[in-house]
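The chain contents come next:
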Amino acid sequence: MQNIYQRKIRVVVNSKYQEILNDFLDGFLATTKDFIDIKLFVVHNGLSVPDLPNIISSEFPPGVFGSLALGPLIEQFLDEKAEVIIDLNDDLWFSKGWLEDGL
């Protein structure tokens, strides 16, 4: 049986403001670094997204948020056989162990 750090986890965050996204990324990356198959999809309209292997920039035209952006990503995650799919707000603060507790 896989331990939780080996699970295929896909996370989506919608963001409109660079400063809020930056704060989100600081906390998210610091608290999920032990997971080996986690990918964060950042849905945005022209923000600067770090070029890291586990972060995917999903740029959409203005006004395309919510289900219009999330629907195709969910289909992709299901095709990839993701075990866990998480949709997060960009204004969250993370504490150590939040994902472990949730899983």
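Residues numbered from 1 in each chain as written. Predicted model: local features only at pLDDT ≥ 70, side-chain atom pairs only at ≥ 80, totals over all residues. Heavy atoms only, no water.

**Overview of the overall build of the protein chain**
Along the protein chain, the regular secondary structure elements total 3 helices and 4 strands. Along the chain direction, N to C, the helices and strands of the protein chain fall in the order β-α-β-β-α-β-α. At 13 Å, the protein chain has a C-alpha radius of gyration in line with the 13 Å of a compact globule built from 103 residues. Along the longest, intermediate and shortest principal axes, the C-alpha atoms of the protein chain span 45 × 30 × 20 Å. By the burial criterion, 38% of the 103 residues in the protein chain qualify as buried. Carbon and sulfur atoms form 52% of the exposed surface of the protein chain, whose accessible area is close to 6200 Å². (Helix = DSSP H or I, 4+ residues; strand = E, 2+ residues; numbered from the N terminus. Rg over C-alpha atoms; globule rule 2.2 N^0.38 Å. Buried < 20%, exposed > 50% of the residue type's maximum accessible area, 1.4 Å probe, protein only. Areas by Shrake-Rupley, 256 points an atom, 1.4 Å probe, with all protein chains shown as cover.)

**Quick notes on the packing of aromatic side chains**
Tallied over the full model, the rule gives 7 aromatic pairs. Plain terms: the ring middles of phenylalanine 24 and phenylalanine 28 are 5.6 Å apart, the flat faces sit at 10° to each other, and that makes the pair stacked. Taken together, the positions of phenylalanine 24 and phenylalanine 28, both in helix H1 (residues 18-32) and 4 residues apart, correspond to about one turn of that helix. The pair phenylalanine 24 / phenylalanine 28 is uniform in exposure class, with both members buried. Relative accessible area serves as the criterion here: at 1%, phenylalanine 28 is assigned to the buried category. Three or more aromatic residues joined by ring pairs make a cluster, and in this case those are Phe24, Phe28, Phe94 and Trp98. (Phe/Tyr/Trp six-rings, centres within 6.5 Å; stacked < 30°, edge-to-face > 60°.)

**A closer look at the confidence of the model for the protein chain**
Taken over all residues, the pLDDT of the protein chain has a mean of 91, while the share at 70 or more is 91%. Here helix H2 (residues 67-79) stands out as the least confident element of the protein chain, with mean pLDDT 84; H1 is the most confident, with 97. (pLDDT = per-residue confidence, 0-100.)

**Quick look at the nonpolar core**
Within the largest apolar cluster, 19 residues are counted, with the highest numbers of intra-cluster contacts made by Ile9, Val11, Phe24, Phe28 and Leu40. In terms of residues, this core owes the most to one element, H1, which gives 4 residues. Leaving out residues up to four positions away in the same chain, phenylalanine 24 has contacts with Val13, Leu40, Leu88, Asn89, Asp90, Leu92 and Phe94. (Core = buried A, V, L, I, M, F, W, Y, C linked by side-chain atoms within 4.5 Å. Contact = heavy atoms within 4.5 Å.)

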